[in-house]
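Report on the structure
Given next are the chains, with one letter for each unit.
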Amino acid sequence: MAFSSTKSLLTPSSFTSSSSSLRSSSSPFLHTKTITSSSKPISPKPFISHSLSINNVITKPIFESPSGQKAKNPNLQESKPTILVSEKLGDAGLQLLRSFGNIECCYDLSKEDLCKKIETCDALIVRSGTKVSREVFEAAKGRLKVVGRAGVGIDNVDLGAATEFGCLVVNAPTANTIAAAEHAIALLTAMARNVAQADASMKAGQWKRNKYIGVSLVGKTVAVMGFGKVGSEVARRAKGLGMHVIAHDPYAPVDRARALAVDLVSFEQAISTADFISLHMPLTPTTLNLFNDDTFAKMKTGVRIINVARGGVIDEDALLRALDSGKVAQAALDVFAQEPPPKESKLLQQENVIVTPHLGASTKEAQEGVAIEIAEAVKGALQGELSATAVNAPMVPQAVLSELAPYVLLAEKLGRLAVQLVGGGKGIKSVKVVYESARDPDDFDTRLLRAMVTKGIIEPISNSFINLVNADIIAKQKGLRIREERVYVDTSPDFPVHSIQVQIFNVDSKFASAVSEDGHITIEGRVKYGIPHLTQVGPYAVDVSLEGNLILCRQVDQPGMIGQVGNILGDHNVNVSFMSVGRTVRRNQAIMAIGVDEVPNVEALKKIGDVSAIEEFVFLKL
């Protein structure tokens, strides 16, 4: 998550910026060719590994047998794949799998037993209880071709190891949507009326009507944090209860929210104005412990929290402190950082906390739907089909990857930077990617680079995993339009790309200096000596390696600025790897781009913002 500060009427804690009036420089384009993301459909050709490491790419077809021979007719008994089901799966899914392969259902396997069993299996289907670690992939010795996760989250699967060993990972992200939404509403209403506590009291022989007075839902504001499939269904049901619904999600289309009479707002506005907060966001590096002491401090006193998403998005110790202080009146939790939670967990002992054992998807209908969805995905993968639910994709020709590897990394990092510059409550709907190249369009396929820009924009705050196969599909699902423009430049055609520029339209920016004359966020990068570099931010030319993390400062162009900021970072043991200053007019304004190896603490960032000549700054994670 980006940390930003703008010196204006807004306070540094507001994390917003005023729009920029800086003028952007023009590019010497000789001619252009515009291509939209839907103009060239993706075909099942080469695609890249999730980790983008050359060493992790498997170049042989993943659907060959271990000996390298093509699989025989799957209708013959001796060539049927063996599919291990390590946790209970609905009968409909098992029947579908039995029509295609040899099924072994072995539940509650130890790690050692799973490693021994996996040697003879072509596919493995798990839920959340089975840990598919590197040791499992090593034990498979190349035979395991597909891991199917019957559900959404894949925290229990080592994706890096799966990719390295040429194993495709698929999940079932849609079948349990309604069940999860219904459980969130069940927890919300039960919490508001103290149902669980009153039930326990009655069964203990007590009659305490005055103790368990609840709160009404009508007219209360609920903030839905994450307005995807589950979040939007929760919003629909909350509206039916007479609640005012607001939502925060950078990718939520405004028109979809408007159709449900839901207001899209910023993160800060959502948490500070809501009476109830319902979490439906994925667990990613940017959402891990997102709800911590600082976040709770910004909430209304007496707020109530519901979490049916992922346990790790809440700092559980911070939640306990907020409950003890009365800042949070009640919590209803279906998920935990550690599952099952320790018996001595204080959260389980709090009377004002309702807990359930990860029941979000636990309805008969959802279990059958998930079973069918994952069975179809695993069957298709074993037959060589490419699924939109694939979360990694381990095949890519070595020659293509070797040439494009540094540009692939550049494309992803530019997307990752661009999305962190977006502020406010608007959803990202329109992105333009401009490639400068000396190559003929027929000799320059941009699908891989477009996929990696999409990956960089979507993955940091989403549970989607982007690859060449599913990039366009997921972008479309999220209402994100990716347009491309190829620009011919008179440089050496030995290099596939001269530069890549990413533009995000119709959004506010946390760093006003990144906004072009036309009002959109613009950043540009190039590959130099095999390493991705950031070369332009808005109208400012910079030159900083895209390694580690990045601090961007807009400042008054005067002597001593580099030293002041460098000293602050040094005093806080933050190592500076690269530094570049770009300006438009001498002694006017300049942009300082600083590459840092470590993440500066809040105190260091505050001191940078306190430097009088610094007008705004933003910290970005790469």
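Residues numbered from 1 in each chain as written. Predicted model: local features only at pLDDT ≥ 70, side-chain atom pairs only at ≥ 80, totals over all residues. Heavy atoms only, no water.

Turning next to the packing of helix α17 (residues 561-571) against helix α18 (residues 602-610). Where α17 meets α18, the axes come as close as 9 Å, and the angle between the chain directions of the two elements is 165°. When the interaxial angle is binned, α17 and α18 end up roughly antiparallel. Between α17 and α18 lies a crossing of right-handed hand. Between α17 and α18, the residues in contact are Val565, Ile568 and Leu569 and Ala604, Lys607 and Ile608, respectively. Here the residues of the contact of α17 with α18 sort into five nonpolar, no polar and one charged. (Axes fitted to C-alpha atoms, helices over the stretch in contact; angles between N-to-C directions. Helix = DSSP H or I, 4+ residues; strand = E, 2+ residues; numbered from the N terminus. Parallel < 35°, antiparallel > 145°, perpendicular 65-115°, else oblique. Left-handed = near helix turned anticlockwise from the far one by under 90°. Contact = heavy atoms within 4.5 Å. Nonpolar A, V, L, I, M, F, W, Y, C, P; charged D, E, K, R; others polar.)

Taken together, seven strands build an open sheet; the order of strands is β10-β9-β8-β11-β12-β13-β14 and the sheet is parallel. The sheet is open, and its two borders are formed by β10 (263-264) and β14 (353-355), each paired with just one other strand. Direction of pairing for strand β8 (residues 221-225) relative to strand β9 (residues 244-248): parallel, over a ladder of five bridges. The residue of β9 that forms the bridge with Met225 is His248. (Pairing = 2+ DSSP bridges.)

The next thing to look at is the pairing of strand β3 (residues 82-85). Put simply, side chains in a regular strand alternate between the two faces of the sheet. Neither face of β3 is exposed, since Thr82 and Leu84 on one face and Ile83 and Val85 on the opposite face are all buried. With four bridges connecting them, β3 and strand β4 (residues 102-105) associate as parallel partners. Pairing of Ile83 across the sheet is with Ile103, part of β4. One crossover worth recording links β3 to the parallel β4 by way of helix α1 (residues 91-98), and it is right-handed. (Buried < 20%, exposed > 50% of the residue type's maximum accessible area, 1.4 Å probe, protein only. Right-handed = clockwise from strand over helix to strand, strands pointing away.)

Our next topic: the packing of aromatic side chains. Inspection of the entire model under this criterion finds one aromatic pair. Here the aromatic rings of Phe267 and Phe291 are separated by 5.9 Å at their centres, their planes lie at 55°, and the arrangement is tilted. Taken together, the residues Phe267 in helix α9 (residues 267-273) and Phe291 in the loop between β11 (276-279) and α10 (293-297) connect sequence positions 24 residues apart. The class of Phe291 is buried, set by a relative accessible area of 1%. (Phe/Tyr/Trp six-rings, centres within 6.5 Å; stacked < 30°, edge-to-face > 60°.)

Here the focus is the environment of Val303. Relative to the helices and strands, Val303 is located in strand β12 (residues 303-307). Once the C-alpha coordinates of Val303 and Ala331 are considered, the two residues, 28 residues apart in sequence, prove to be 8.8 Å apart. Dropping the residues within four chain positions of it, Val303 is found in contact with Ala274, Asp275, Phe276, Ile277, Lys327, Val328, Ala329 and Gln330.

Let us now look at the sheet that holds strand β6 (residues 146-149). Sheet strands line up and pair through hydrogen bonds in the backbone, either parallel or antiparallel. The parallel open sheet is built from five strands, whose spatial order is β4-β3-β5-β6-β7. In this open sheet, the two edge strands, each paired with only one partner strand, are β4 and β7 (168-171). For this sheet, the mean inter-axis angle between neighbouring strands, taken without regard to orientation, is 20°. The sheet contact formed by β6 and β7 spans four bridges and is parallel. Within β7, the residue paired with Val146 across the bridge is Leu168. Together, β3, β4 and β5 (123-126) form the strand contacts of α1, whose direction differs from that of β4 by roughly 140°. Where helix α13 (residues 364-382) meets the sheet, its contacts fall on β3, β5, β6 and β7, and the angle it forms with β6 comes to roughly 170°.

To continue, consider the side chain of His533. Relative to the elements of secondary structure, His533 occurs in strand β21 (residues 531-537). If we ignore the near neighbours within four places in the chain, the residues touching His533 are Leu410, Glu524, Gly525, Arg526, Lys528, Asp543, Val544, Ser545 and Leu546.

Taking 1.5 Å of rise per residue, twelve residues should cover 16 Å, and helix α15 (residues 447-458) covers 16 Å from first to last C-alpha, within 8% of that figure. Within α15, twelve of the twelve residues are buried, which leaves the element mostly enclosed by the surrounding structure. All buried positions along α15 are accounted for by Arg447, Leu448, Leu449, Arg450, Ala451, Met452, Val453, Thr454, Lys455, Gly456, Ile457 and Ile458. (Expected span 1.5 Å × (residues − 1).)

Our next topic: the environment of Val195. Structurally, Val195 can be placed in helix α6 (residues 195-203). For Val195, a relative accessible area of 45% gives the class partly exposed. A sequence separation of 19 residues divides Val195 from Gly214, and the C-alpha atoms of the two residues are 9.1 Å apart.

A few words on the pattern of salt bridges. Following the criterion strictly, the structure yields 22 salt bridges and no others. Note that Glu403 is salt-bridged to Arg439, the shortest N-O span being 2.5 Å. Note that Glu403 is positioned in helix α14 (residues 398-420) and Arg439 in the loop between β16 (430-437) and α15, a separation of 36 residues in sequence. Accessibility expressed as a relative area gives 33% for Glu403, which makes it partly exposed. For Arg554, the salt bridge is made with Glu615, and the minimal N-O distance between the two is 3.0 Å. Separated by 61 residues along the polypeptide, Arg554 in strand β23 (residues 549-556) and Glu615 in strand β26 (residues 614-621) bring together distant segments of the chain. Residue classification places Glu615 among the partly exposed positions, given a relative accessible area of 21%. Where salt bridges share partners, they join Asp122, Arg143 and Lys145 into one cluster. (Salt bridge = Lys/Arg side-chain N within 4 Å of Asp/Glu carboxyl O.)

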